[in-house]
Amino acid sequence: CRFLVNFTDYIDTGLFLDQRITRGLVRDLARGKRFLNLFCYTGTATVYAARGGARSTTSVDASRGYLAWARRNLALNGFDPGRHSFHQADVLTWLSRENRFYDLVFLDPPTFSNSKRSQAVLDVQRDHVELIRSAAKVLKQEGIILFSSNYRKFQMDVDALKGFRMEDLSARTLPPDFKRRAGMHHCWKITKRIA
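Scope of this entry: the structure provided in the associated data block. (Residues numbered from 1 in each chain as written. Predicted model: local features only at pLDDT ≥ 70, side-chain atom pairs only at ≥ 80, totals over all residues. Heavy atoms only, no water.)

**Examining the pairing of strand β4 (residues 102-107)**
Burial runs high along β4: six of the six residues are buried. Inspection of the sheet shows strand β1 (residues 34-38) paired to β4 by four bridges, in the parallel sense. By the bridge assignment, Asn37 is partnered in β4 with Phe106. In this structure, β4 lies alongside strand β7 (residues 139-149), joined through five bridges in parallel fashion. Considered in β7, the bridge of Tyr102 is made with Leu139. (Buried < 20%, exposed > 50% of the residue type's maximum accessible area, 1.4 Å probe, protein only. Helix = DSSP H or I, 4+ residues; strand = E, 2+ residues; numbered from the N terminus. Pairing = 2+ DSSP bridges.)

Here it is, written out as structure tokens:
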């Protein structure tokens, strides 16, 4: 996959290198699936899902600029952005109104956000349980949520998420060149428990 990066105008470049194995996991799981990318940023996971043969992709972010960047990244890889769905919205608000169901959800929230578009302040440690539960409401019964965070002090509240099967993929998805910074990479595979 190819991505547009910006080395001059922003602190971030539009591509998180520590997520490359996680994006590969998205690609490997996406075939024939309805894919949802929450806090999609520049759409790199969406591109990987499309490359993996996702039946459809939906990308949600509060930033109009990042959504435009995501569309350009899809086009750069030969995918028609018009065949993919993009929504500029606060993720929790969008999830509360969504009535479609997805097979694979990528949930990579910012560590902290006080976006002008949202009245609420997002704190990944405080809010991850609500985010995961909200994403699970649009998840098919056999679907998968891949949750990711680069907050160094992040602790998954497994006790508050007893209705889910949780698999810690952090070590497996950490690229070798980031091993010295292992505490900043957290990745979980989350599925609903079948009663």
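**Some remarks on the nonpolar core**
Core analysis: the largest hydrophobic core is formed by 27 residues, its most contacted members being Leu36, Leu38, Leu107, Ile145 and Phe147. Looking at this core, the elements with two or more residues in it are β1, α4 (91-97), β4, α5 (124-136), β7 and β9 (186-192). Looking at which element gives the most residues to this core, the answer is α5, with six residues. Every residue in contact with Leu107, bar those within four places of it in the chain, is listed here: Leu38, Phe39, Leu131, Ile132, Ala135, Ile145, Leu146, Phe147 and Ser148. Core analysis: the second largest hydrophobic core is formed by 13 residues, Ala30, Phe35, Ala49 and Ala54 among them. (Core = buried A, V, L, I, M, F, W, Y, C linked by side-chain atoms within 4.5 Å. Contact = heavy atoms within 4.5 Å.)

**Concerning the sheet that holds strand β8 (residues 164-168)**
In sheet architecture, strand pairing relies on hydrogen bonds along the backbone and comes in two forms, parallel and antiparallel. The strand order across the open sheet formed by seven strands is β3-β2-β1-β4-β7-β9-β8, and the pairing between neighbours is mixed. The two strands at the open ends of the sheet, each matched to only one other strand, are β3 (85-88) and β8. Geometrically, the sheet is characterised by an average inter-axis angle of 15 degrees between neighbouring strands, direction not taken into account. Of the strands in this sheet, β2 (56-61) and β3 are in contact with helix α3 (residues 64-76), which crosses β3 at around 165 degrees. (Axes fitted to C-alpha atoms, helices over the stretch in contact; angles between N-to-C directions.)

**Quick word on unusual backbone geometry**
Working note: non-glycine residues mostly have negative phi, and peptide bonds are mostly trans. Here the phi dihedral of Phe39 falls at roughly 55 degrees; this positive angle occurs in a residue that is not glycine. Tracing the sequence through the fold places Phe39 in the loop between β1 and α2 (44-51). We note that Tyr41 has phi near 60 degrees; this positive angle belongs to a residue other than glycine. Considering the arrangement of structural elements, one finds Tyr41 in the loop between β1 and α2.

**Considering α3**
Between the first and last C-alpha of α3 there are 18 Å, a value that for 13 residues agrees with the 18 Å anticipated at 1.5 Å per step. On its buried face, α3 sits against α2, β2 and β3. Here α3 starts with a cap whose side-chain oxygen sits 3.3 Å from the backbone nitrogen of Gly65, and that cap is Ser63. Directly after α3, the chain includes Gly78, whose backbone phi takes a positive value near 85 degrees. (Expected span 1.5 Å × (residues − 1). Polar contact = N/O pair within 3.5 Å; in protein donor to acceptor, adjacent residues only side chain to side chain.)

**Section: the packing of aromatic side chains**
Following the criterion strictly, the structure yields five aromatic pairs and no others. Summarising the aromatic geometry, the rings of Phe16 and Tyr41 are spaced 4.7 Å apart at their centres and angled 15 degrees between planes, so their arrangement reads as stacked. Here Tyr41 lies in the loop between β1 and α2 and Phe16 lies in the segment before α1 (20-29), a separation of 25 residues in the sequence. Take Tyr41: its relative accessible area is 12%, and that puts it in the buried class. Considering the side-chain rings of Tyr41 and Tyr66, the 4.7 Å spacing of their centres and the 70 degrees angle between planes classify their relative orientation as edge-to-face. In this pair, Tyr41 is assigned in the loop between β1 and α2 and Tyr66 in helix α3, connecting sequence segments 25 residues apart. For Tyr66, a relative accessible area of 24% corresponds to the partly exposed category. Through a chain of ring-to-ring contacts, the aromatic side chains of Phe16, Tyr41, Tyr66 and Trp69 assemble into a single cluster. In this arrangement the basic side chain of Arg34 is found over the ring face of Tyr102, its NZ or CZ atom lying 5.1 Å from the centre. (Phe/Tyr/Trp six-rings, centres within 6.5 Å; stacked < 30°, edge-to-face > 60°. Lys NZ or Arg CZ within 6 Å of the ring centre and 35° of its normal.)

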